[in-house]
Amino acid sequence: MTTQKQIRAAFWESFPHFEEQTREAGIFSKPQNFHCATVRCSFADFVDCLQKNGQITEGLAFRATL
């Protein structure tokens, strides 16, 4: 993965129940601060795992936002 958009797409694909919740709440496309702490923490863990597994660069991991 080389873009934040790809990271977000992979996250929502990996956690479909979060995507469903955010769509129902009408906040799916809002900035990350609108999402609940569970979703934000899961995204941070997801990005960290991608970086540690070598799937994304460290720089991209630091820039990635939900």
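Refer to the structure printed above.
So, a few notes on the structure that sits alongside this text. Everything numeric here is computed off the predicted structure, so don't read it as measured data. (Residues numbered from 1 in each chain as written. Predicted model: local features only at pLDDT ≥ 70, side-chain atom pairs only at ≥ 80, totals over all residues. Heavy atoms only, no water.)

What to know about the packing of helix H1 (residues 4-14) against helix H2 (residues 16-25)
The description of two helices packed together rests on the angle between their axes and the distance between the axes. Between H1 and H2, the shortest axis-to-axis distance is 5 Å and the interhelical angle comes to 100 degrees. Classified by the angle between their axes, H1 and H2 sit roughly perpendicular to one another. Each of Phe-11, Trp-12, Glu-13 and Ser-14 in H1 lies in contact with H2, whose residues at this interface are Pro-16, Phe-18, Glu-19 and Thr-22. (Axes fitted to C-alpha atoms, helices over the stretch in contact; angles between N-to-C directions. Helix = DSSP H or I, 4+ residues; strand = E, 2+ residues; numbered from the N terminus. Parallel < 35°, antiparallel > 145°, perpendicular 65-115°, else oblique. Contact = heavy atoms within 4.5 Å.)

Digging into the environment of Ile-7
Inspection of the secondary structure assignment puts Ile-7 in helix H1. On the basis of relative accessibility, which here comes to 0%, the residue Ile-7 falls in the buried class. Separated by 54 residues in sequence, Ile-7 and Ala-61 place their C-alpha atoms 9.2 Å apart. (Buried < 20%, exposed > 50% of the residue type's maximum accessible area, 1.4 Å probe, protein only.)

Description of the pattern of salt bridges
Enumeration over the complete set of coordinates arrives at two salt bridges. Lys-52 is the salt-bridge partner of Asp-48, the closest N and O atoms lying 3.1 Å from each other. Separated by four residues within a single helix, Asp-48 and Lys-52 lie in helix H3 (residues 37-52), roughly one turn from each other. The class of Asp-48 is partly exposed, set by a relative accessible area of 34%. Judged by its relative accessible area of 63%, Lys-52 falls in the exposed class. (Salt bridge = Lys/Arg side-chain N within 4 Å of Asp/Glu carboxyl O.)

Remarks on the environment of Lys-5
For Lys-5, the position within the fold is in helix H1. A residue is classified by how much of its surface remains accessible, and Lys-5, at 65% relative accessible area, is exposed. Separated by 17 residues in the primary sequence, Lys-5 and Thr-22 place their C-alpha atoms 17 Å from one another.

Remarks on the side chain of Ser-42
Mapped onto the elements, Ser-42 comes out in helix H3. Using a relative accessible area of 18% as the deciding quantity, one classes Ser-42 as buried. Residues within four places of Ser-42 in sequence aside, it is in contact with Phe-11 and Phe-18.

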